[in-house]
Amino acid sequence: MDQFLQHLLNGLVLGGSYALLGIGLTLIFGIMNVVNFTHGELYSFGAYMVFGIVAALHGNFFVALFLAMALGVILGAGIERSLLRPLRGASIDTTMLVMIGAWIAMQNAEQLLWTGVAKAIRHPFPEAPLVIGPVSVSWIRIFVLAVALLLIAGSHFLIRRTRLGTAMRATFQDRETAALMGVNIDAIHTITFAFGSGLAAAAGALLGPVFVVFPTMGDLAALKAFAIVILGGMGNFMGATLGGLILGVVEEMGAGYISSGYRDAMGFLIIIAVLLFRPTGLFVRAERVG
Amino acid sequence: MNAPAAVLAVEGVEVRFGGLVALSDLSFAVREGEVASLIGPNGAGKTTAFNVITGFLRPAKGRVRYRENFLTGLPPNQVAEQGVVRTFQKTSVFGGIPVFENVLIGLHRRGRARPWEILLALPLVRREEKRLREEAMGILSFVGLAHRREELGAALPYGEQRLLEVAVAMAAGPSLLLLDEPVSGMNPSETAGFMKIVEKIRGRGITILLVEHDMRMVMGVSDRVVVLNQGRIIAEGSPAEIQRDPEVIRAYLGQGAKRAAC
Amino acid sequence: MSRWPALAWVMFLASIPLWVRNQYYLHVLINTGIFAIAAMSLNLLLGYTGQLSLGHVAFFGVGAYTSALISLGFDLQLAPSYILVFEPRPVWVGFLSGIAVAGMFGWVIGKLSFRVRGAYFVIVTVSFAEVVKLVALNWVDLTEGPMALNNIPPVTLALPGLGELTFWKKEPNYYLVLVVCLLSYAVIRRLVRSRAGRAFVALRENEPLAESVGVDVTRFLVLAAVISAAIAGAAGGLYAHYIKIVDPDIFLFIYTVVMVIMVVTGGKGTLLGPVVGAVIFGILPEVLREVARPEVQWIIYGFIMVLIVFFLPDGIVPAAASWWKARTATAGPSGDAREGA
């Protein structure tokens, strides 16, 4: 039972950040219909930014986190403007190929800058974990979970309660009508991609200090993000949130009880199973994008 | 002399999209060799009816019979195997390949070469290819597109793309051809040309079911007209009868006439 | 390509080991050849049938592992007291088995592709390859996991009267790869120019229209996937017996990306496109080796991908064919730039 609670807790911590990854991607996928291969790179970008600011520039940890997210947003906007906007209206293969090209370039740029050696990020939290009854959890993980939940809540607020969010949801449901109603589709695309990328960078910035940072860390993260999008349904915000949490918990449980070698397979098996049996995702009833 | 037998029988078909009833207890028949038209205001359910007949949509109730077989439940490619071929409302060609190849694809079910026979390059494969290519040229000449055979499907002007659609459908060797708004967007001379092609097709003994808005075309080629409104049949008969039917007039001019009266 | 130029090319390629003595260059050519076979197979699925299959490396790796395991022999513990012992078999048995097993995996993907389309299919295929990689990594009893399968025997030919010839050296391997390459090309060409090939293209261009004229969608999606996977499996088998070591890294997504780059740059949906792409991206790394580090090369390849998508979206071969057609425009009717069917 103790083990179970421990795994559950670890799973939720992981899941919170996974949810950020998933929310970002489901928005991009849902609103723009782009197979975003750079999503994982934004994740590792976020982690590397924190590392760079803390280790190289000796900056404050919290400032580093904030800057990593902000830079992620800017980078996302840049990618959208330079690569995706000119291809608006092209088929999904075309945008996919461009994203693959960008992904390769980004990942190798990271490799070039930081080398393949895994980096650890020093954080200001005490190493000794907090022990509550049968479970123990390190302070950094509590922090990560708290920030993730904050960001999820913030995103939810943005999508559901702001004009921008309404515009995004409108674009998702019916692009042409939204355009006719005065929504600037170009701007929505850029904002969506930037926002989604910012969330991915946030996820990387949060999980980087928990684990280690290496250039290919984004690949696995991207695939898990895809799994979450499929699990929750494309464009389904709540689905992505729950999907992320579920994936985190399933991974930890799987790793703890079955085999740690296959832990990463959990995400993929979920993808394949869901697509075979419930292609629209588990949470079809929940509203799309919000 | 007996009236020609009904080859296509639509029996009690009902289609729902969520809460919307698209087709309600739809029943009509098309007789062998005739040209029948399905008309009605937009949203009446005409294309939905086509989708049900050709297997692109499953009805909630009812069935479709063609000759001795039931079409309901068959996937579209097997419906085509029965000899029932359709065109689409929105222009539908194989855009990225030449016109000639478009028609060759249409001839798909007229070929029998199997993958292993193809891989072994058996002589029968080569003979079949030759035959199919000859047939393709014949069909292109039939619709008047022979001079365009090297152009890409998407490169053709609109009117010719619609002709290509008919060529591809004809290539499949239909005994019942369903044409979905074939002349929409065509100018009068193109429409007149198309009407001649419909006559040629009828001359080959092919039964035709047409969905159209262009009344000149409908009245000009049809033996019988079926009128649909809001998913149900409101009138059936010869073109002359339909033109005089008050229900039909009301359906087309409908709310406007009513409101004007209030 | 008509007869004589094609024959000339084949003669030229066959002559290469006679005047290229540098073992390293031969090695590069052999690798390029193996990649060309894999790229051609991917092209059948991606280019002709229009399926966004990004798990292709799974077929390659499965072919490699199967061939290696069968020629090495293996023990499998099925139950606490029952161990299945599989004796080593001749390499050609392993090679054919690799093709068969890869083809079976292709069948699975083909069936899946019918139910799941577009972006979802991309994700499924990538995940599929990742799962296969994880199995190879973790099922150590069978695959040796990260310790790799070593000492894989090279191809052995029994020549009547001359005894056995074992392909230790580069030259025979070169010819073997060349033969399989030409064979794959011929198979794909024959298929693509037939009724089946037209069905593939029809599915890519306009699936509902294809259905309405009688094309059985599932059947042809599965056919394309099976043949594509089988040929990729052949490439994998060649790889296993040439490099003689196979480890789970063979399933890395980056190799699928390499194949995609080759197909897209060369020209998807054309017969020669993947070959041209393979030659460029097989040889380019060697040319750039002195000048740029691997990471820099990859950044360049990433840029090339983006540039191709923006400026030569159909790839090099169709662009070259269009250019050639424009130049010879006054001549009689010429073949179409894009191999439609």
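Residues numbered from 1 in each chain as written. Chains lettered and ligands numbered in written order. Predicted model: local features only at pLDDT ≥ 70, side-chain atom pairs only at ≥ 80, totals over all residues.

Colleague: What exactly am I supposed to notice about the interface of chain B and chain C here?
Modeller: Much of the literature gives interface size as the accessible area that the parts lose upon coming together. Every contact between the two is made by 31 residues of chain B and, on the other side, 28 residues of chain C. Broken down by secondary-structure element, the contributors of at least two residues to the side of chain B that touches chain C are α2 (76-81), β6 (84-86), α3 (99-106) and α4 (115-119) of chain B. Of the residues assigned to the side of chain B that touches chain C, the class counts are 18 nonpolar, eight polar and five charged. (Contact = placed C-beta atoms within 7 Å. Helix = DSSP H or I, 4+ residues; strand = E, 2+ residues; numbered from the N terminus. Nonpolar A, V, L, I, M, F, W, Y, C, P; charged D, E, K, R; others polar.)

Colleague: When you look at the environment of C:Ile30 in this model, what are you seeing that I'm missing?
Modeller: Residue and element names in this part refer to chain C. Within the fold, Ile30 resides in helix α2 (residues 23-48). The exposure class assigned to Ile30 is buried, which follows from the 23 C-beta atoms found within 10 Å. Measuring from C-alpha to C-alpha, the distance between Ile30 and Val260 comes to 19 Å, with 230 residues separating the pair along the chain. Those residues in contact with Ile30 that lie beyond four places of it in its chain are Lys170, Asn173, Tyr174, Val177 and Tyr242. (Buried ≥ 20, exposed ≤ 12 C-beta atoms within 10 Å, placed from the backbone.)

Colleague: Can you walk me through the interface of chain C and chain A in this structure?
Modeller: Listed per partner, the contact involves 31 residues of chain C and 32 residues of chain A. When residues of the side of chain C that touches chain A are assigned to their parent elements, the largest contribution, 14 residues, is made by helix α5 (residues 118-138) of chain C. Split into classes, the residues belonging to the side of chain C that touches chain A amount to 25 nonpolar, four polar and two charged.

Colleague: In this structure, what is going on with the nonpolar core? I would like to understand it.
Modeller: It is characteristic of soluble globular proteins that their nonpolar side chains tend to be buried jointly. Membership of the largest hydrophobic core comes to 290 residues, with the highest contact counts inside it found for A:Val50, B:Val103 and B:Ala167. The element best represented in this core is helix α10 (residues 217-243) of chain C, accounting for 18 residues. Contacts of A:Val50, omitting those with residues within four sequence positions, involve A:Ala64, A:Leu65, A:Ala68, A:Ile121, A:Ala205, A:Gly208 and A:Pro209. (Core = buried A, V, L, I, M, F, W, Y, C linked by C-beta atoms within 7 Å.)

Colleague: Could you clarify how one ought to interpret the sheet that holds strand β7 (residues 176-180) of chain B in this entry?
Modeller: In sheet architecture, strand pairing relies on hydrogen bonds along the backbone and comes in two forms, parallel and antiparallel. Residues and elements named next belong to chain B. With respect to topology, six strands assemble into an open sheet ordered β6-β7-β8-β3-β9-β10, the strand pairing being mixed. Edge positions in the sheet fall to β6 and β10 (232-237), since each of these pairs with one other strand and no more. Across this sheet, the average inter-strand angle for adjacent strands is 15 degrees, counted without regard to direction. Relative to strand β8 (residues 207-211), β7 runs parallel, the two sharing five bridges. Bridging across to β8, Leu176 finds its partner in Thr207. Set on the sheet, helix α7 (residues 188-203) makes contact with β3 (35-39), β7 and β8; between it and β8 the angle comes to about 150 degrees. (Pairing = 2+ DSSP bridges. Axes fitted to C-alpha atoms, helices over the stretch in contact; angles between N-to-C directions.)

Colleague: Explain α7(B) to me, please; I cannot follow it from the model alone.
Modeller: Think of an α-helix as 3.6 residues a turn; residues three or four steps apart then line up on the same face. All names here are of chain B. In this model α7 runs 23 Å from its N-terminal to its C-terminal C-alpha over 16 residues, within 8% of the 22 Å that 1.5 Å per residue would give. Phe194, Val198 and Ile201 are the residues of α7 that are buried. Along the long axis of α7, the arc covered by the buried residues comes to 60 degrees, so they all point the same way. Residues of α7 that are exposed and point more than 90 degrees away from the buried face comprise Pro188, Ser189, Lys196 and Gly203. Contacts made by the buried residues of α7 are with β3, β7, β8 and α8 (215-221). Note on α7: the residue one or two positions beyond its end, Gly205, has a positive phi of about 85 degrees. (Expected span 1.5 Å × (residues − 1). Arc of directions from axis to C-beta.)

Colleague: What exactly am I supposed to notice about the packing of helix α7 (residues 170-192) of chain C against α10(C) here?
Modeller: The relative placement of two packed helices comes down to the angle between their axes together with the axis-to-axis distance. All names here are of chain C. At a closest axis distance of 11 Å, the pairing of α7 and α10 adopts a crossing angle of 180 degrees. Classified by the angle their axes make, α7 and α10 are roughly antiparallel. Facing α7, whose interface residues are Asn173, Leu176, Val177, Val180, Ser184 and Leu191, α10 presents Ile227, Ile231, Ala234, Leu238 and Tyr242. Of the residues belonging to the contact of α7 with α10, the class tally is nine nonpolar, two polar and no charged. (Parallel < 35°, antiparallel > 145°, perpendicular 65-115°, else oblique.)

Colleague: Could you clarify how one ought to interpret the packing of helix α3 (residues 57-72) of chain C against helix α4 (residues 91-115) of chain C in this entry?
Modeller: Residue and element names in this part refer to chain C. Viewed as axis vectors pointing N to C, α3 and α4 meet at an angle of 145 degrees, and their least axial separation amounts to 7 Å. The hand of the α3/α4 crossing is right-handed. Contacts between α3 and α4 involve Ala58, Phe59, Val62, Gly63, Ala64, Thr66, Ser67, Ala68, Ile70 and Ser71 from the former and Val91, Val93, Gly94, Phe95, Ser97, Gly98, Ile99, Val101, Ala102, Phe105 and Gly106 from the latter. When its residues are assigned to classes, the contact of α3 with α4 shows 13 nonpolar, eight polar and no charged. (Left-handed = near helix turned anticlockwise from the far one by under 90°.)

Colleague: I'm lost on the sheet that holds strand β5 (residues 69-70) of chain B in this one. Help?
Modeller: Spatial strand order, β2-β1-β4-β5 (chain B): four strands in an open sheet with antiparallel pairing. Because the sheet does not close on itself, it has two edges, and the strands there are β2 (20-31) and β5 of chain B.

Colleague: What should I look at first to understand the environment of B:Leu140 in this one?
Modeller: Inspection of the secondary structure assignment puts B:Leu140 in helix α5 (residues 123-143). Setting aside chain neighbours within four positions, we find B:Leu140 in contact with B:Val103, B:Leu145, B:Ala146, B:Arg149 and B:Ala167.

Colleague: Please explain the confidence of the model for chain C as it appears in this structure.
Modeller: In regions of low pLDDT, the predicted coordinates are not meant to be interpreted in detail. All names here are of chain C. Confidence in the prediction for chain C averages 87 pLDDT; 96% of positions are at 70 or higher. In the predicted structure, residues 334-341 sits below a pLDDT of 50 and forms 29 contacts with residues beyond four places in sequence or in another chain. Under the prediction, the complex receives an ipTM of 0.89, its pTM being 0.87. (pLDDT = per-residue confidence, 0-100.)

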